[in-house]
Amino acid sequence: MIEKPSPANQCIIDCLNNYYGIEAVNIIPLPLGADIDASVYKVQSPDHLSYFVKLKRGHNQDIGVTIQLRLHNAGIQEIISPIKTNHDQATRHIDNFTLTVYPFIEGQDGFVSNLTDQQWITLGKALRQIHEFEIPPLIKDQLKREVYSSKWRKSVRAIFEHIDNDPIADQIAVKLIIFMKEHREAIERLVDRAEQLAQKIQKQSPEFVLCHSDIHAGNVLIAKNGALYIVDWDAPIMAPKERDLMFIGGGVGYVWNNTREEELFYKGYGKTEINMAILTYYRHERIVEDIALYAQELLLTNHGGKERPVMYKQFVGMFEPNGVVDIAFTSDKNL
């Protein structure tokens, strides 16, 4: 597993005790999430209460936590409210990290637990409430806005230049290079089409709404009692609603890829006009980003250890039948 740097356990214990009034008797690291700059823990106290503690490098997470508080206070039950400090602060900084505390909810994410019909409807209703939420101007000004950046497209093009000229000889890297060359036409099609669609939709003026930005199955928590929660608000953004809707039926992680689930979701979300060009752009761009991130990790570094074969398998999985690449291309054909 990729090592995730974080403050020592004693720093966490001291912070919880001094600023939250939580006595931690046990801290258990949790193997969750792909973000190498974040670490999460289950913390247990003597009174048998459990807490979910998240540490993320940097001090720019406060806006995401602020959004969670606002959404929860607005009555959206599918948002878990962070626990505030004794001084009414939603986060606490430890050195170069931001610590956030939540009540611990036993459950499984959407990759492990299939959503029931009612949970799909609930997810649709919750996301509609999020997209319609009125954000105060001072908070909105702090949120990132969609600019259809070419960052990841340029990165993938640069990766191909690298593997054509200076590849790393690691066994996993060699396998990935072979796979990428075999699928070069599809990858270049993804990059080029994302570029074309970005140029097209920048000329439009779609309404920007509050978006979660990464609402795949791994960021939907299903509690043991059946309650559903939308988690991991690290990167909220003002963008067209299709920024979130592209995940529904998009097949990320080889789930959420059938029409019946989509129908149930939109039963909850309600009638809406979907800009298919924007949705198709996001489906292409998301894959391009994942290709860039996986390739950078596997080809430009030797990090990851035992996780390298897992990352390679996840990369290859994107190209399986009815996977994200197939679905993105189908979306494009249907434009």
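The structure under discussion appears in the preceding block.
Residues numbered from 1 in each chain as written. Predicted model: local features only at pLDDT ≥ 70, side-chain atom pairs only at ≥ 80, totals over all residues. Heavy atoms only, no water.

(A) Just the side chain of Arg-286, in detail. Along the chain, Arg-286 turns up in helix 10 (residues 276-299). Ignoring anything within four residues of it in the chain, the contact list for Arg-286 reads Asp-214, His-216, Met-246, Phe-247 and Val-252. (Helix = DSSP H or I, 4+ residues; strand = E, 2+ residues; numbered from the N terminus. Contact = heavy atoms within 4.5 Å.)

(B) Representation of the pattern of salt bridges in the model. All told, the structure shown has 18 salt bridges when counted by the stated rule. Across the pair Arg-260 and Asp-117 runs a salt bridge whose closest N-O atoms are separated by 2.6 Å. Of this pair, Arg-260 sits in helix 9 (residues 259-269) while Asp-117 is found in helix 3 (residues 117-131), placing the two residues 143 residues apart along the sequence. Since its relative accessible area comes to 47%, Arg-260 is described here as partly exposed. Given the relative accessible area of 34%, Asp-117 is considered partly exposed. Where Asp-164 meets Arg-184, a salt bridge forms, and the shortest distance between an N and an O atom there is 3.0 Å. Note that Asp-164 is positioned in helix 5 (residues 151-165) and Arg-184 in helix 7 (residues 184-201), a separation of 20 residues in sequence. If you follow the salt bridges from partner to partner, you end up with Arg-153, Arg-157, Asp-192, Glu-195 and Glu-285 in one network. (Salt bridge = Lys/Arg side-chain N within 4 Å of Asp/Glu carboxyl O. Buried < 20%, exposed > 50% of the residue type's maximum accessible area, 1.4 Å probe, protein only.)

(C) Spotlight on the pairing of strand 9 (residues 220-223). Neither face of strand 9 is open: one carries Val-220 and Ile-222, the other Leu-221 and Ala-223, and all of them are buried. Note: strand 6 (residues 107-109) against strand 9, three bridges, orientation antiparallel. Bridged to Gly-107 within strand 9 is Ala-223. With antiparallel pairing between neighbouring strands as the criterion, strand 9 and strand 10 (residues 228-230) make up a hairpin whose turn holds four residues, including Gly-226 at a positive phi of roughly 95°. (Pairing = 2+ DSSP bridges.)

(D) The arrangement of unusual backbone geometry in detail. If you check the backbone angles, Ser-213 has positive phi at about 90° while not being a glycine. Within the element layout of this structure, Ser-213 appears in the loop between strand 8 (209-211) and strand 9.

(E) Representation of the pairing of strand 3 (residues 50-57) within the structure. The sheet contact formed by strand 2 (residues 38-44) and strand 3 spans seven bridges and is antiparallel. Considered in strand 3, the bridge of Lys-42 is made with Phe-52. Summarising the sheet, strand 3 and strand 5 (residues 97-103) pair through seven bridges and their orientation is antiparallel. Residue pairing across strands places Leu-55 opposite Leu-99, the latter belonging to strand 5.

(F) A look at the nonpolar core. Leu-123, Met-180 and Ile-291 are the most contacted members of the largest nonpolar core, which totals 81 residues. When neighbours within four sequence positions are excluded, Leu-123 is seen to be in contact with Leu-115, Ile-215, Val-220, Leu-228, Ile-230, Ile-248, Trp-256 and Phe-265. In terms of nonpolar packing, the next biggest core, distinct from the first, is built from 16 residues, Ile-12, Cys-15, Leu-99 and Val-101 among them. (Core = buried A, V, L, I, M, F, W, Y, C linked by side-chain atoms within 4.5 Å.)

(G) Summary view of the packing of aromatic side chains. Inspection of every chain in the model, using the stated rule, returns 12 aromatic pairs. With centroids separated by 5.3 Å and ring planes inclined at 70°, the aromatic side chains of Phe-179 and Phe-319 adopt a geometry described as edge-to-face. Taken together, the residues Phe-179 in helix 6 (residues 171-182) and Phe-319 in the loop between helix 11 (308-317) and helix 12 (324-333) connect sequence positions 140 residues apart. By relative accessible area, Phe-319 is classed as buried at 15%. By way of ring pairs, the aromatic residues Phe-179, Tyr-294, Phe-315 and Phe-319 are connected into one cluster. The lysine or arginine in question, Lys-42, covers the ring of Phe-104, its NZ or CZ lying 4.7 Å from the ring centre. (Phe/Tyr/Trp six-rings, centres within 6.5 Å; stacked < 30°, edge-to-face > 60°. Lys NZ or Arg CZ within 6 Å of the ring centre and 35° of its normal.)

(H) Looking closely at the sheet that holds strand 10. The strand order 6-9-10 describes an open sheet built from three strands, whose pairing is antiparallel. Whereas interior strands pair on both sides, the edge strands pair on one side only; in this sheet they are strand 6 and strand 10. Across the sheet, the axes of successive neighbouring strands diverge by a mean angle of 25°, strand direction being ignored. Contacts from helix 3 reach strand 9 and strand 10 within the one sheet, and its direction differs from that of strand 10 by about 35°. (Axes fitted to C-alpha atoms, helices over the stretch in contact; angles between N-to-C directions.)

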